[in-house]
Structures are given as structure tokens and as C-alpha cells.
Amino acid sequence: MPKCTINGKEVEVKEGATIIEAFKTMSEDIAHYCWHPGLSIAGVCRLCMVDVEGARGPQIACNTVVKDGMVITNQSEQIKDIVRWGMDFHLINHPLDCPICDQAGECGLQEQYMKFGQYDPEMNQQKVKKRKVVDLGERVVLDSERCILCSRCVRFTDEVSKTNELGIFNRGDRSEVGTFKDKPLNNKYSINTVDICPVGALTSKDFRFRQRVWYLKNDDTVCNGCSTGCNVKAYFNEEGLFRVKPVYNEEVNGHWMCDDGRDIYKYVNKEHRLLKAKNNSGSQWSELTAGKAMQELHNSLFAEIKAAPEKTGVVLTGQYTNEEYQAVFATLKELGVTQAFHWNDTDSDDFDGLLIRGDKNPNTKGLQNAASAFGALKSVADAEAAIASGSLETVMVLAPENIAVYSNYDKTFAALSKAKNFVWFGANKTECFETTNSSNTWMIPIKSFVEKSGTFTNHAGLDQTFNYVTTVVAGALTMSEAMTLFKGETLEFDLRAKPMTSMKNNHFTLNRGEL
Amino acid sequence: MSKVPQPSELSNWYLPGILKGLGYTFTNMVKNILNPKKMSTLNYPEEKYKYSARFKGNHILTVKKDGSLRCTACMLCATNCPAQCISITASEHEDPTVEKYPINYEIDILRCVFCGFCEEACPVDAIRMGPEWQTPGLAGADFHYDIKKLAYRANLKGGIQSSVDDKERHEAGI
Ligand code: SF4
Ligand code: SF4
Ligand code: SF4
Ligand code: SF4
Ligand code: FES
């Protein structure tokens, strides 16, 4: 393993590692735009210049392999000058749209200008004007004036999504990023180009102008969009959640995530949520708090179920955490209930070769693992049949959070609600709730995945633990809490404010290379 | 160092204190009757003080040449505002040369401390502090100034024009 000296400090790196990677392992600052750890090396921005002792002249760090004994620095006056004026060239035609640019606040130009630039521009020519607000496709908008032609996005569609939509057209200062004949950029991973674009040239249609990034906090969690379980970061403030970005995890998703996963924040926001528990034991709905509802359920149903457990069943979906499944199965055991059903509208093994999987539940594996100790899970069709035949009178449903991927949601709801006692645990509300067929319906608001800590087991059996991010519906319970109350026990709360240990600053602002 | 004058021992007593106070009142009354021009108070609201034209009072949102709002909804003013009394909702403009504009801009003027930081933060001269300072209202809602009030209130006569013009800048190659 070669050893080298970087800015006076010695470091050992992997065989074949480049100088910029050595800088990154040392957490030393180095200017760069085109290098990205998940893409091939382009060497086009020429900002990552370093002095290597004994070399002919300054070298680019991203495309020079570390040799044993190399002495490298980017602190010399000459290098600082090169970077400063290299930056001036990048910004010659840049419109400085920062007030209306969505990237402002997490922009590579803004940050690196403050770190390495700080010059007075010496350009006195007119700027070259290019196309603005180009609709690139379903999810991305291009502003080619802001583009610095780093080619990251082009390399992404070339190497990662392998869809090759983007290219750089024309020459010299007329060069422009675009799609051939303005064909749309509609691949399943297109928003990744927005993430890796170091400037505001590519912006996400969904997020455009909704918030300024400095109003948002973020925290890590796991995507619940499919069984891959990409590591993500949710951006939120007191108004709710606004976007999701991927977090690097070699084992799961690398640097990327899919476009469908970007929508997972939507059904978490308040307007889609069940805010209070609801009860309908007759013809009218009444609202009450979730805790009170669980207590009443304990009083009215617990003993009844215990007396005749064979008439009770639980329908589970793969959208809850392992801890919650354990709590549910423990309660079932205590009650003597043996019938558990698995509801999954997206039961498939499809895989697109990169990230997207056919099973749209984050924790089907976890559910199967938890159930293996309990006994075989029957399908939801069996539950519907048993209800129709009258052999099942009480049904508890752990409804899915991500309703969009459950194509038979309404139908299943209608069929299951024919049970005499119908208890629906769920995070979301939909219209079909109004027309329940049961004479004793209970709706209990459950916390969404960003509001609780827990573990998802992904398709490969990898356990991924995630932490609480933020609270959206304060009155909701986790399934574990609901089960505790259902058993007639009380919940223990630690009401002291907890320090937010995992809260980080905007990682895109501070650590551009690790995008 | 300034020294707070301590009242003398005598003023702890009722009569000396009251007589001294009345003496002060009478001296000033006589002075004001003999020379009313030197009086330091006004008969507000019949008489009004004339502030300089640069007085920083109620906000004005400036307009472009075509009369539309100059503000680009960048939220720098709202970010800079120490009283956090500016709320803006941005939206995509159908004209791509405008791109972003506020569909809602509101200042809670009762919370505003008239510091002028918003004016300083604005990159396009879209918000200014105007010379108005007499702005009573009857209900709480009268103090939530919206776009209509901030940019187009009657005494602005159709709006104050901003000094930054996108078209001119574009043509100048900036
Ligand atoms: S890309 Fe960066 S520097 Fe350029 S306008 Fe956007 S925020 Fe400003
Ligand atoms: S659009 Fe962004 S990522 Fe693509 S070349 Fe331009 S600056 Fe680089
Ligand atoms: S004057 Fe100061 S307090 Fe008032 S809106 Fe402007 S920034 Fe806020
Ligand atoms: S008034 Fe100025 S600073 Fe405030 S949002 Fe509008 S353009 Fe930005
Ligand atoms: S040339 Fe090395 S990062 Fe661009």
C-alpha cells in the first residue's frame, strides 16, 4: 500500500487510489467539480490542481495515481492562484442567478468561491447567453447558462442509468448540455443528475421553489419505497417534509436512489394522514385520541378475543419495522390467536439490475422472519374468504403506508371491513374509509417510517436500523405502543427533550465530493 | 461617565418636593406663553412633524417597467429579517425570463422593528422602506400587509419603479 504526504501529513492509501481520494480520506479541502466517487474520471474542470514534488508542473489530483513516497500539496501560492483563476474562468458566462436559483445554499460554486476563490472578476466581455428553463423531462429542469460543463450528469446517464440521454453539444463557449433533439430525460433515476450537478443547472421539478434549502433540516433514514431499502436523507422543517436524497451505502444503494423513492415523503405529510383515532359502532363516526381508542379496545375486545381466539385474525403488510412485528406477534401469542395473513399487492421478484425491485414493501423479509416463529402466514384472500364465511369475526389490519403501490387497496379494505369487529391500524387516510361495512370499526393512527426508530430487513436479509427523524402527527402511535396499550398496560414516556444526535448540517453543502 | 443627579435630602419631605415640582411647571408655562415657537411638543394630530424623505417607515414593494412586481421571491429578506415577520410563497412564472415570483408576500407590520435589514438584503431593489409612518388600523388583519398594499396602495400611484431591470441587464450582457 503506497504511502504519501499530503499537506505535510503522511497517509497510507489503497493501491491504485488517486490523489483526490487521498485528500478525501484525510478530509483535506480540495477544490473540484467534475470528480465524483461514483463516476468515471473526466478531468475536465481542472480545479483539483496539486503540486507533486519532482513533477513537471501542477497535476490534477483526480486523475493522478498515488505513488509510494509522493509529497503532495495544494497549499502553495501557485496552486492557490491556479484554482482562483480557474474558478474565474468557470464563472465567466455564469449568470449569477442565485436569488432565483434553487441550488443557492448548497451550490458548489458558492461554497468553493468562498473557500478557494474570493477574487474580483477581471472579465470585461459580454456573457454568452444560453437556454434557460428547459423542460428536460418529467422531473428535471435545465438551465444551461448555469452549467459549468463538468459532465457529471452526462457520465451518470452513460455509466449508471445506462440510458445515454444527455450529451454536451456544440464547441467552445457555445457548449451546452442537453438531450438529442430535446428528447425527454425520462429514466427511472433522473433526479440523481440533479443531486450530482454541482451547480443549479439541473433542478428537480418537484422541489423547485418550494423551499429555500437553508430552511430545511435533514436526517438519515431508510427508504420504504421497495425492498432494496436505499439509505436516504429526509429534508424537513416545521411545515412537513420536502424532499429525499440518497446517502452513500456501499452495500445497498451506492450513491444513488430511484425516482419513485423521491416521492416517499409525500404520503408522510399531514394532509394525507390520519390525525386522530376514529370509531364507528353504529352509524356515526366519532373521533378520539389514539391512546384512548386503544384503551377502549382493550376494555371491549381484549377479553372477547382471549375467550375465542380462533375467531380472530391479523392482516399484516411488509411496511412495519421488525420491532413492531415482534410486539404484534407477542400480543397474538398472549391472546392465543393463530391466524395471521399477509397482504402484499406487489409480490414479485422483478429487479431492474440497478436498484428498483418489484416488491414495493421495505420489510417483507422482516415480516417473514418474525412470522416464521409464529406459524405460516396465509394470504389476504384467505382472510377475505374466512370473513365472508363468518368464521372470522374480529380482524386487525396493519395497513400499508405507501398506498400508491397497493393496487387493490380499496377493494381489500371493503372486503376486510365486512368483519364484525374491524380494527384498522394505518398512517394514512383515504376516501374509502367513509364506507366501512363493519358494525364496529376502529381506525388507529400509526406513525410513519420517519417518525419512529426501528429496523427494516431488506431483500438480501440485511438488517438496517434507522432513527426517528421528525414528528408529523403528534397523536399517532407506533404498533409497539398500540400493542402495549391494547394489552392494558401503560406507556412510559420520557418527556425530557432529547438532543438530536444524528442531526447533521446539510451534507451537500459541506461535503460536495461525497454526494 | 454620566452621573444621575440625586435628589436632595429636602425633597424627601412633602412640601419642599411639591413646591419644587410646581416651580418647574410654572417656569416652563411662562416660557411657553411668552415664546410659543420654542415649545418642544406638537398638537398632534392637527400639527404633524415633517420627517426627512429618507425616513424608514412602511415598506414598499417596487415594480418593473410593465407594472408587475419586481420581487423574485428569493427570500433573502425573510431570511435576514430579525423579527421573522416576512412570509413569502414562491411559484414558477409562466414567462421563463422571469422564472420565479411570489404569489404571496406578507409582512406582519406589528412584528416589524423597522430595522431596514430586508431592504439591505434584497439583491434587486424590490423592497424599500418608504417615508410613511402614520398607518393606523382597526383590526389585526389591517396589519398584515399583502402585495396589494405593499406595492399598489393608492398613495404609490401605480407603484414605485425598481432601479434594477432584468431586460437592460440582459442586453448589457451581464
Ligand atoms: S448555480 Fe450556484 S452560483 Fe450559479 S446561480 Fe445557482 S446558486 Fe448561484
Ligand atoms: S448540468 Fe450540471 S452536472 Fe451536467 S455538466 Fe452541467 S454542471 Fe455538470
Ligand atoms: S424592517 Fe427589519 S423587521 Fe421589518 S420586515 Fe424588514 S427586516 Fe424585518
Ligand atoms: S423583496 Fe427582494 S429580498 Fe425579498 S424575496 Fe423579493 S427579491 Fe428577494
Ligand atoms: S479535473 Fe479533477 S475534479 Fe475536475
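For the structure, check the block above.
Residues numbered from 1 in each chain as written. Chains lettered and ligands numbered in written order. Predicted model: local features only at pLDDT ≥ 70, side-chain atom pairs only at ≥ 80, totals over all residues. Heavy atoms only, no water.

Trainee: Help me out: how do you make sense of the site of ligand 2 in this one?
Mentor: Close to ligand 2 lie 13 residues, the nearest being A:Cys147, A:Cys150, A:Ser151, A:Cys153 and A:Cys197. A per-class count over the shell around ligand 2 returns 11 nonpolar, 1 polar and 1 charged. (Near = heavy atom within 4 Å. Nonpolar A, V, L, I, M, F, W, Y, C, P; charged D, E, K, R; others polar.)

Trainee: How do you make sense of the site of ligand 1 when you look at a structure like this?
Mentor: Around ligand 1, a shell composed of A:His94, A:Asp97, A:Cys98, A:Cys101, A:Ala104, A:Cys107, A:Leu109, A:Gln110, A:Val199 and A:Gly200 is seen. Taken together, the residues that form the shell around ligand 1 break down as 6 nonpolar, 3 polar and 1 charged.

Trainee: How do you make sense of helix α8 (residues 364–372) of chain A when you look at a structure like this?
Mentor: Residues and elements named next belong to chain A. Restricting attention to buried positions, one finds in α8 the residues Thr364, Gly366, Leu367, Ala370 and Ala371. Across the axial projection of α8, the buried residues extend over an arc of 160 degrees, all falling on one side. Residues of α8 that are buried make contact with β16 (312–316), α7 (322–335), β17 (339–342) and β22 (454–457). (Buried < 20%, exposed > 50% of the residue type's maximum accessible area, 1.4 Å probe, protein only. Helix = DSSP H or I, 4+ residues; strand = E, 2+ residues; numbered from the N terminus. Arc of directions from axis to C-beta. Contact = heavy atoms within 4.5 Å.)

Trainee: Would you mind showing me how to read the pattern of salt bridges here?
Mentor: A side chain of one charge can pair with a side chain of the opposite charge if their charged atoms are brought near each other. Evaluation of the coordinates by the stated rule reveals 34 salt bridges over all chains. A salt bridge links A:Asp81 to A:Arg84, with the shortest nitrogen-to-oxygen separation between them at 3.1 Å. Of this pair, A:Asp81 and A:Arg84 both sit in helix α2 (residues 77–90), 3 residues apart, roughly one helical turn. Overall, the relative accessible area of 23% leaves A:Arg84 in the partly exposed class. B:Lys65 is paired through a salt bridge with B:Glu168; the nearest N and O atoms lie 2.5 Å apart. Taken as a pair, B:Lys65 in the loop between β1 (59–61) and α2 (76–80) and B:Glu168 in helix α5 (residues 166–171) lie far apart in primary sequence, 103 residues in all. One continuous salt-bridge network, built from bridges that share partners, spans A:Asp97, A:Lys132, A:Asp143, A:Glu145, A:Arg146, A:Arg208, B:Glu92 and B:Glu99. (Salt bridge = Lys/Arg side-chain N within 4 Å of Asp/Glu carboxyl O.)

Trainee: Sorry if this is basic, but what is going on with the interface of chain A and chain B here?
Mentor: Interfaces are often sized by the amount of accessible area the parts lose when they come together. Tallying the contact residues gives 14 residues for chain A and 19 residues for chain B. Counting the surface chain A buries against chain B, the share from its top three residues, A:Ile100, A:Lys129 and A:Phe209, is 37%. Connecting chain A to chain B are 3 salt bridges. In this structure, the salt-bridge partner of B:Glu92 is A:Arg208, at a minimum N-O distance of 2.7 Å. Applying the counting criterion to the chain A and chain B interface returns 7 residue pairs in polar contact (both at pLDDT 80 or more). Of the residues belonging to the side of chain A that touches chain B, the class tally is 6 nonpolar, 1 polar and 7 charged. (Buried area = accessible area lost by both parts, 1.4 Å probe. Polar contact = N/O pair within 3.5 Å; in protein donor to acceptor, adjacent residues only side chain to side chain.)

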